[in-house]
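Working through the structure, step by step
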Amino acid sequence: MTTGTKNTKNTQNAKSTQDSKTSREPGSLGTKKHEEPGSMSTATPTRAPHDDLPGGHKPEAGRVGGGMFDPKQLVKSFPDAVKKLDPRVMVKSPVMFVVEIGSVLTTVLAVKNPGDWFGWAIAAWLWLTTIFANLAEAVAEGRGKAQADTLRKAKTDTVARRLKGSSEEQVPGTGLRIGDLVVCEAGDVIPGDGDVVEGVASVDESAITGESAPVIRESGGDRSAVTGGTKVLSDRVVIKITTKPGETFIDRMINLVEGAARQKTPNEIALNILLASLTIVFLLAVVTLQPFAMYAKAEQSMIVLAALLVCLIPTTIGALLSAIGIAGMDRLVQRNVLAMSGRAVEAAGDVSTLLLDKTGTITLGNRQASEFVPVRGTTEAEVADAAQLSSLSDETPEGRSIVVLAKEKYGLRERHQGELTGAEWVAFTAQTRMSGVDVDGRKVRKGAAGSVVAWVEEQGGSVAEDARALTDRISEAGGTPLLVAVEDADGARVLGVIHLKDVVKEGMRERFDELRRMGIKTVMITGDNPLTAKAIAEEAGVDDFLAEATPEDKMALIKREQAGGKLVAMTGDGTNDAPALAQADVGVAMNTGTSAAKEAGNMVDLDSNPTKLIEIVEIGKQLLITRGALTTFSIANDVAKYFAIIPAMFAVVYPGLDKLNIMSLHSPESAILAAVIFNALIIIALVPLALKGVRYKPTSADRMLRRNLGIYGLGGLIAPFIGIKIIDLLISLIPGL
Amino acid sequence: MSPVVAGVLQFAALAVALGLAYRPLGDYMARVYSSDKHLRVEKWIYKAIGANPTTEMRWPAYLRGVLAFSLVSVLFLYLMQRLQGSLPGSLGFVSIPADQAFNTAASFVANTNWQSYSGEQTMGHVVQTGGLAVQNFVSAAVGVAVAVALVRGFARSRTGELGNFWADLVRGTVRILLPISVIGAIVLVACGAIQNFSGIHGVGQFLGGSQQWNGGAVASQEAIKELGTNGGGYFNANSAHPFENPNGFTNLFEVFLILVIPFALTRTFGRMVGSVKQGYAILATMVTIWVGFTALMMWTEFHHGGPAFDLAGGAMEGKENRFGIGGSSIFAVATTLTSTGAVDAFHSSLTGFGGGITMLGMQLGEIAPGGTGSGLYGMLIMAIIAVFIAGLMVGRTPEYLGKKIGTREIKFAACYILVTPALVLIFTAIAMAMPSTLTSLTNSGAHGFSEVLYAYTSGANNNGSAFAGLNANTPWFNTSIGLAMLLGRFVPMVFVLALAGSLAEQTPVPETAGTLRTNKPLFTGLLVGTVMIVAGLTYFPALALGPLAEGLAS
């Protein structure tokens with residue numbers, strides 16, 4: 001938060017209202033793109049070519065969708081999948097490593113006994129199982145590669161103009177060190193991440209954000225951070241380099257989207273441990289089966305045992321696990337969010353408290369004038385006219401909204417400053433908290449109640465008795481009253497009050513209801529006084545609010561929630577947000593924010609759209625659900641495979657076991673082969689699901705569990721019975737078998 | 001009344017009795033393990049063993065207590081048997097050979113009570129009452145102590161302290177097992193079980209020849225044998241012997257004793273974690289499996305076709321006429337779903353499926369309701385696995401009772417579920433690969449394999465019942481089953497306590513609408529499914545070659 005917000009806290013409620021005009025709450029930094037929430041950019045160069053990008057922060061489009069899955073990607077990624085057969089790579093996934101060993105083993109056995117079609121078939125399908133698993137990962141990674149390539153283009157080898165004393169020297173961008181000062185002028189590509197220490201410039205950041213409108217970067221304050229690879233469009237700035245070459249934001253982005261920096265997340269590691277232990281259990285079950293079988297005089301070939309093992313170990317989830325993780329990160333990247341760690345994505349699913357900044361997230365960027373209220377003895381039209389006139393010199397969004405309201409509601413044509421000759425304009429400043437005009441012997445002013453009252457009294461006028469009552473009424477309703485006053489032949493007097501109001505975004509209440517059903521508490525953070533905050537909180541339907549919030553208050557709130565075991569997510573952009581961003585479990589820094597904020601957070605939103613926090617939570621949840629669903633499915637699959645393979649192995653010696661062949665599979669060979677083929681094909685069949693994520697709809701845990709258990713648990717039990725039967729039918733149609 | 005109806009009514013009566021005992025006993029046990037007070041007799045014991053019952057222990061200390069106590073117990077029991085020949089009151093029995101003494105010592109300390117000897121022909125009063133019966137108490141108390149430590153792990157936060165092992169051990173014995181055993185023994189004596197220290201009587205048989213009847217403190221040992229889910233009989237015939245289990249009522253009463261603590265511990269668990277509903281969910285899971293297994297057992301035993309079976313009204317081979325098919329089925333399921341292993345019928349003579357049901361019951365890990373203590377911690381581990389696999393499907397990283405199931409927790413749980421399958425399968429495989437095994441088998445084919453599979457299943461899961469037919473009194477079987485029992489008992493305890501320590505250190509996660517409800521029927525269904533799939537699938541191939549092959553053949 002900025003110092004402006006602090007002022008709000010230090011001054012008295014209603015009188016200080018116009019202070020908030022100058023305070024820039026996070027998310028309303030004055031860059032143009034926030035004025036129209038919902039206008040998320042499309043067709044950006046940093047994105048993968050998926051055309052189903054979600055509607056961003058439009059509430060009704062809140063469902064997390066995923067990227068499209070194009071079967072062509074499978075073909076394209078095939079060479080990468082083969083490369084991944086390297087045992088040193090495979091060993092990272094214990095389940096698939098076992099399959100690879102099985103593939104090698106069966107191949108060796110098939111070579112030894114080349115006449116055995118069954119051995120060759122099993123060997124081939126085991127290899128395919130391994131490759132399919134690699135393919136899933138390769139496809140997931142491939143989607144990131146396209147993005148990385150575009151980013152690399154932005155990171156051309158720039159030449160930096162380093163300041164040395166008062167002279168400049170030309171050094172390669174890679175030769176810069178932290179603390180170096182470099183000069184950038186219009187047309188220059190900024191050579192590294194840093195803070196502007198001198199000057200103001202407009203910068204084209206489209207290489208990173210995909211947003212083509214230039215942004216202003218200036219020294220001091222919260223808009224000083226610049227990113228290497230972006231381009232200065234106008235003016236000249238001096239930049240102090242804050243990161244080492246190779247560790248810049250764009251480097252990290254490339255690593256992230258490529259998956260090179262991907263580390264297994266805690267839950268993924270835990271799941272891997274469980275899968276490994278299940279693999280060991282089934283390995284034991286299969287290895288020990290041979291002595292049992294020998295006793296039963298039904299010794300099994302190694303090929304059959306390998307086939308059984310591969311069918312039993314959780315290959316489906318083992319194959320798709322890393323693809324699910326990569327795709328989860330990718331879904332964030334598609335929404336222009338960069339997660340600096342996978343841990344943060346998982347934490348997002350666990351978040352139980354969301355700290356949402358009021359401005360930009362819950363309400364539209366700024367307060368807007370909603371009505372003109374005259375004091376006794378004046379008319380609304382008079383107030384509207386004076387309000388419009390006095391606001392022409394007020395370029396703040398609030399000031400603009402007064403002009404707009406006057407035009408829309410009272411049909412007052414917008415006058416331009418140039419139209420009025422001899423007019424003396426009084427521009428709005430944070431100090432005077434007033435704006436106005438002196439024209440034709442008439443002085444019109446509008447501004448914060450305190451300032452206007454003081455002005456009227458200074459001019460020897462009197463304040464209407466009911467003005468106080470009117471401002472109080474507006475304050476109590478959560479609005480911000482501005483007074484309109486005039487001094488003319490009749491003396492100085494207050495004409496009326498302008499009601500400035502926060503406009504809650506459409507659909508937010510429903511959104512918060514959904515979050516509540518998911519067990520997530522929403523806390524609105526605002527610099528407003530408690531009265532105003534309460535009114536907006538009620539209107540928006542958030543669970544709680546923090547009024548007159550300072551960064552310290554925010555920090556304290558986070559710590560309090562965390563002490564109760566809750567995970568907290570927040571957004572922020574200012575340098576003084578940095579400690580809170582670091583403390584939060586999910587800290588989303590706005591890309592427009594300072595480099596300190598970006599360092600502190602574990603995610604960066606390139607669109608700088610605070611509403612996205614909600615989507616991030618949903619993506620985190622979807623990632624975990626997908627992982628759980630496929631694990632459940634994978635384990636449930638085993639039941640059917642037993643019914644296929646066990647009778648095939650032992651019905652010869654114990655004919656009674658043929659009663660377990662409830663699918664009435666054609667022959668022992670076709671039964672085993674069908675199980676192996678099903679096991680391989682199900683991986684490919686589930687790749688789109690792993691990449692897109694399972695359908696996710698915010699609802700209570702109970703309903704979600706019931707639904708997913710039904711689909712993936714019961715489905716996992718039943719599907720392989722059908723699948724294996726069909727494959728067996730097809731195999732039995734092959735002549736000669 | 002038809003035998004089927006009688007069986008069902010017996011089962012219903014048993015369920016009602018267990019239901020009546022559930023709340024008072026569960027609440028009482030929760031108070032016992034939460035109380036700050038020490039009874040006078042307990043203070044004497046603490047003084048005698050030099051333990052401070054108020055010191056809080058972290059998991060390594062707690063584990064050291066468990067292991068040290070058990071090690072001393074094994075040594076003590078081993079020496080007692082080795083020296084039996086020189087001890088007074090031994091009825092003239094000689095000292096036990098080393099391998100069998102090791103096996104028996106391991107067996108009783110591990111709460112298994114696998115017996116490769118015939119009680120009445122091997123063990124005198126001193127060993128039976130002074131050694132074996134004592135272990136029947138304390139080995140059960142150790143099990144409950146470990147379970148309570150795990151429950152404390154869930155209940156406590158930001159500590160790592162799990163209570164005091166010595167206090168838990170002593171209290172469990174003095175305040176829970178002893179009083180109930182005394183009542184149980186009196187009931188059994190009243191119903192005809194014997195309780196004396198008389199010697200061996202030669203008795204003539206009706207059809208000529210002679211028979212020896214042993215006296216002994218049978219009823220007292222019988223009560224704790226069932227109550228502590230031990231199962232080691234005074235006589236070789238175990239609970240099929242009329243001195244141990246005289247009639248249909250005592251049969252049902254013994255089943256009641258077997259099940260009452262393991263079921264009631266779920267209440268204790270609920271009380272201690274502050275939500276009895278959580279305990280009900282675990283209870284419901286156990287009951288579902290127990291009722292299902294009993295129903296299947298009755299079905300297969302009553303249903304068994306063929307002229308001889310039709311005449312007898314079902315598969316009567318190996319069953320006592322006093323108990324019939326119903327009573328025997330109830331007993332067989334209860335004894336194998338717990339770590340008891342007492343038998344009132346010969347499991348080897350059950351139908352193929354019936355034998356399979358007893359084996360599967362043990363292979364599930366004996367968790368429905370399982371052994372005293374071990375059943376609860378086994379089921380809680382399965383709950384953790386279930387929460388971990390399916391809990392992700394609500395879109396949060398898994399948590400159970402407000403504790404995150406992270407890498408550390410799942411590592412311990414995964415190791416836990418590895419231990420017994422590894423022991424059962426590896427030892428069975430080695431045994432089957434050894435030519436000498438064939439000479440120990442009474443049967444060939446699938447049934448012969450079942451004998452060996454059953455032996456290691458029973459040993460590693462600390463059940464102790466035997467599929468009669470296997471001559472297990474050989475150095476190999478004595479040693480390997482002894483090892484399986486010790487490892488199957490204490491290695492999982494290491495993981496349980498480590499897990500408990502890890503859970504106790506956590507800050508609890510508050511429950512929200514987004515939290516997976518673990519106190520709902522849906523979770524119970526999920527847990528039943530997880531138990532059946534994760535534990536059941538491990539043994540499917542082995543079961544297919546034994547009981548399934550046999551059962552499906554007819």
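Details of the structure are given in the entry above.
It should be emphasised that the depicted structure is a prediction, and the values quoted were computed from it without experimental measurement.

Our focus in this paragraph is the environment of B:Val109. Residue and element names in this part refer to chain B. Assignment of secondary structure puts Val109 in helix H4 (residues 98-109). In this structure, the C-alpha to C-alpha distance between Val109 and Phe137, residues 28 residues apart in sequence, is 9.8 Å. In this view, Val109 contacts Ser70, Ser73, Val74, Leu77, Gln135, Ser139, Arg489 and Phe490; residues no more than four positions away in its chain are not counted.

Turning our attention to the interface of chain B and chain A. Often, the extent of an interface is quoted as the loss of accessible area on bringing the components together. With 62 residues of chain B at the contact, the number on the chain A side is 63 residues. For the interface between chain B and chain A, the tally reads 3 salt bridges. The shortest N-O distance in the salt bridge between A:Asp702 and B:Arg517 comes to 3.9 Å. Seen at the junction of chain B and chain A, the total is 15 residue pairs in polar contact (both at pLDDT 80 or more). Secondary structure elements with two or more residues in the side of chain B that touches chain A: helix H14 (374-391), helix H15 (407-433), helix H17 (445-460) and helix H19 (521-553) of chain B. The dominant element in the side of chain B that touches chain A, judged by the number of residues it contributes, is H19(B), at 15 residues. Of the residues belonging to the side of chain B that touches chain A, the class tally is 41 nonpolar, 15 polar and 6 charged.

Walk down a regular strand and you will see the side chains alternate between the two sheet faces. All names here are of chain A. Of the two faces of strand E6 (residues 215-218), the one lined by Val215 and Arg217 is fully buried and the one lined by Ile216 and Glu218 carries no buried residue. The pairing of strand E5 (residues 200-204) with E6 spans 4 bridges and is antiparallel. Counterpart to Val200 in the pairing with E6 is Glu218.

This part is about unusual backbone geometry. Cis peptide bonds are those with omega within 30 degrees of zero, and the linkage from B:Ala368 to B:Pro369 qualifies with 0 degrees. Assignment of secondary structure puts B:Pro369 in the loop between helix H13 (352-363) and H14. We note that A:Glu548 has phi near 45 degrees; this positive angle belongs to a residue other than glycine. Tracing the chain through its elements places A:Glu548 in the loop between strand E19 (544-546) and helix H21 (551-563). The backbone of B:Leu401 shows a phi angle near 55 degrees, a positive value even though the residue is not glycine. Within the secondary structure layout, B:Leu401 lies in the loop between strand E3 (399-400) and strand E4 (403-404).

Definitions and limits used
- Residues numbered from 1 in each chain as written.
- Chains lettered and ligands numbered in written order.
- Predicted model: local features only at pLDDT ≥ 70, side-chain atom pairs only at ≥ 80, totals over all residues.
- Heavy atoms only, no water.
- Helix = DSSP H or I, 4+ residues; strand = E, 2+ residues; numbered from the N terminus.
- Contact = heavy atoms within 4.5 Å.
- Salt bridge = Lys/Arg side-chain N within 4 Å of Asp/Glu carboxyl O.
- Polar contact = N/O pair within 3.5 Å; in protein donor to acceptor, adjacent residues only side chain to side chain.
- Nonpolar A, V, L, I, M, F, W, Y, C, P; charged D, E, K, R; others polar.
- Buried < 20%, exposed > 50% of the residue type's maximum accessible area, 1.4 Å probe, protein only.
- Pairing = 2+ DSSP bridges.

In short, geometric facts, not functional conclusions.
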